[in-house]
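Secondary and tertiary structure notes
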Amino acid sequence: MGFFDRLKDGLSKTRSQINAIVKSEGALSDDFFDALEDALIAADIGMELAERIIEDLRGEIKKRGINSAGGAYTLLKEMLAEDLTVTKTAEDFPPKPWVILVVGVNGVGKTTTIGKLASEMRRQGKQVMLGAADTFRAGAIEQLKIWSDRTGSDFVAQHEGADAASVAFDAMEAAKNRGTDVLILDTAGRLHVKVNLMNELEKILRVIKRNTPHAPNEILLVVDATTGQNAIKQAEAFNEAAGGLTGLVITKLDGTAKGGVAIALTRRFNVPIRKIGVGEGIDDLQDFDAKAYVEAMFGEL
Ligand SMILES: Nc1nc2c(ncn2[C@@H]2O[C@H](COP(=O)(O)OP(=O)(O)O)[C@@H](O)[C@H]2O)c(=O)[nH]1
Ligand SMILES: [Mg+2]
């Protein structure tokens, strides 16, 4: 016997009681509601919940002006079906703040990508905060500030030369206090002084994790597609420094006729390409579509 047949069979007695009342064109008597409640209890819904469901049903019946047992029974079934169609999953309730740490060499497009990402998330109705943990380069803070203004995102920064980890800490605290949905942290990319870079990133990560154990939720490495094979070396250095990259962003795909670096990178690091950059504008950020990408390089699949 199949699963549905067994359910049908197991509840046949209470169902036929209800059907008898429905067929006799009975009014909405207490007997009828008792029979419904008994059926719910017989189905293992639990006494307390059964009572609550019948109460809700009575309220809904009043609201809709239903006056036949048949109509009420149909309504009950509709309400139960609705109860059973909860489609939300854990992914619909990300922890707050969702913290994205953006890393990569100078000039690859980190800050620009952050601006584009912020714009996209703001359009989804999220409250976004940008943290200026690239304290190294002149103008980096101001550049991020401009993106925060353009996108209506909150902004946390200190002064140029400040300790990046301290900025990260401030931003984490501010994001928690303001109920921010997504905090995106910009960082410096001084690959030529690898030891410093490692130390700085490690410190930022340590501070973030100590502040909020679930964070960072994403570590995105931004890579410039026009750098070709050198991108692999960069990614290796950052993977070592930041550890646990969760995604890649490949920028400036509008400036290369190749694009094979995407394949080399995903193969090497086995992390998804979260976004691709196809221009300098605020809307020039796209989801990565693997099939379309391969087709663009090698023709229709
Ligand atoms: N053509 C093109 N230029 C980009 C793209 N992303 C960023 N840029 C440009 O690359 C330069 C460096 O970007 P920036 O965000 O400052 O890089 P960062 O140093 O990694 O923060 C800027 O002139 C950006 O406008 C892209 O997808 N396409
Ligand atoms: Mg930058």
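Residues numbered from 1 in each chain as written. Chains lettered and ligands numbered in written order. Predicted model: local features only at pLDDT ≥ 70, side-chain atom pairs only at ≥ 80, totals over all residues. Heavy atoms only, no water.

1. Section: the site of ligand 1
Stated precisely, the cut-off is as follows: Neighbouring residues are identified by heavy atoms, a residue being near a molecule or strand if any of them is within 4 Å of it. Counting of polar contacts relies on pairs of N or O atoms within 3.5 Å, with two restrictions inside protein: one atom must be capable of donating a hydrogen and the other of accepting it, and residues adjacent in sequence are counted only when both atoms are side-chain atoms. To measure how exposed things are, a 1.4 Å probe is used in the Shrake-Rupley method; for residues, cover is taken only from the protein chains shown. Strands are runs of DSSP state E lasting at least two residues, helices are runs of H or I lasting at least four, and both sets are numbered from the N terminus onward.
Taken together, 17 residues lie around ligand 1, and Gly-107, Lys-110, Thr-112, Asp-254 and Glu-280 are the ones closest in. Take Val-108: an N or O atom from its main chain is 3.4 Å from an oxygen atom of ligand 1. Gly-109 has a polar backbone atom sitting 3.0 Å from an oxygen atom of ligand 1. Burial of ligand 1 by the protein amounts to 82% of the accessible area it has alone, namely 590 Å². No other element matches the four residues that helix α6 (residues 110-123) contributes to the shell around ligand 1.

2. As for the nonpolar core
As a reminder, the rule being used: What makes a nonpolar core is a set of buried Ala, Val, Leu, Ile, Met, Phe, Trp, Tyr and Cys residues whose side-chain atoms join them at distances within 4.5 Å. Think of it in three bands: residues with accessible area under 20% of the maximum for their type are buried, residues over 50% are exposed, and the middle band is partly exposed, with areas taken using a 1.4 Å probe on protein chains only. Contact between two residues is taken to exist if any of their heavy atoms lie within 4.5 Å; hydrogens are not considered.
Judged by nonpolar contacts, the single largest core of 66 residues is most densely connected at Ile-184 and Leu-265. Sort the elements by how many residues they give to this core and helix α8 (residues 164-178) lands first, with eight residues. Sequence-distant contacts of Leu-265, that is, excluding residues within four places in its chain, are made with Val-223, Ala-231, Ile-232, Ala-235, Leu-248, Ile-250 and Asn-270. In terms of nonpolar packing, the next biggest core, distinct from the first, is built from 18 residues, Phe-32, Ala-35, Leu-40 and Ala-72 among them.

3. Some words on the pattern of salt bridges
Filter applied, for reference: Just to be clear on terms, a salt bridge is a Lys or Arg side-chain nitrogen sitting within 4 Å of an Asp or Glu carboxyl oxygen.
Considering all chains together, one arrives at 15 salt bridges under this definition. Among the ionic pairs, Glu-60 bridges to Lys-63, the shortest N-O distance being 3.5 Å. Of this pair, Glu-60 and Lys-63 both sit in helix α4 (residues 47-64), separated by three residues, roughly a single helical turn. One salt bridge connects Arg-178 with Asp-154, and the closest N-O pair in it is separated by 3.6 Å. In this pair, Arg-178 sits in helix α8 while Asp-154 sits in strand β3 (residues 154-156), placing the two residues 24 residues apart along the sequence.

4. Some thoughts on the pairing of strand β5 (residues 218-224)
With seven of seven residues buried, β5 lies mostly within the body of the structure. The two faces of β5 match: Glu-218, Leu-220, Val-222 and Asp-224 on one face and Ile-219, Leu-221 and Val-223 on the other face are all buried.

5. Structural notes on the side chain of Thr-212
When you line up the elements, Thr-212 lands in the loop between α9 (194-211) and β5. In contact with Thr-212, other than residues within four places in its own chain, are Met-172 and Lys-176.

6. Some remarks on the pairing of strand β2 (residues 128-133)
How we decide: A strand pair is defined by DSSP finding two or more bridges across the two strands. When the strands point away from the viewer, a crossover counts as right-handed if the path from the first strand over the helix to the second runs clockwise.
Burial of β2 is extensive: six of the six residues sit out of reach of the surface. Burial along β2 is two-sided: Val-128, Leu-130 and Ala-132 and Met-129, Gly-131 and Ala-133, pointing in opposite directions, are all buried. Examined bridge by bridge, β2 and β3 share three bridges and lie parallel to one another. Across the sheet, residue Leu-130 finds its bridge partner in β3, namely Phe-155. Each parallel crossover has a hand, and for β2 linked through helix α7 (residues 140-151) to β3 it is right-handed.

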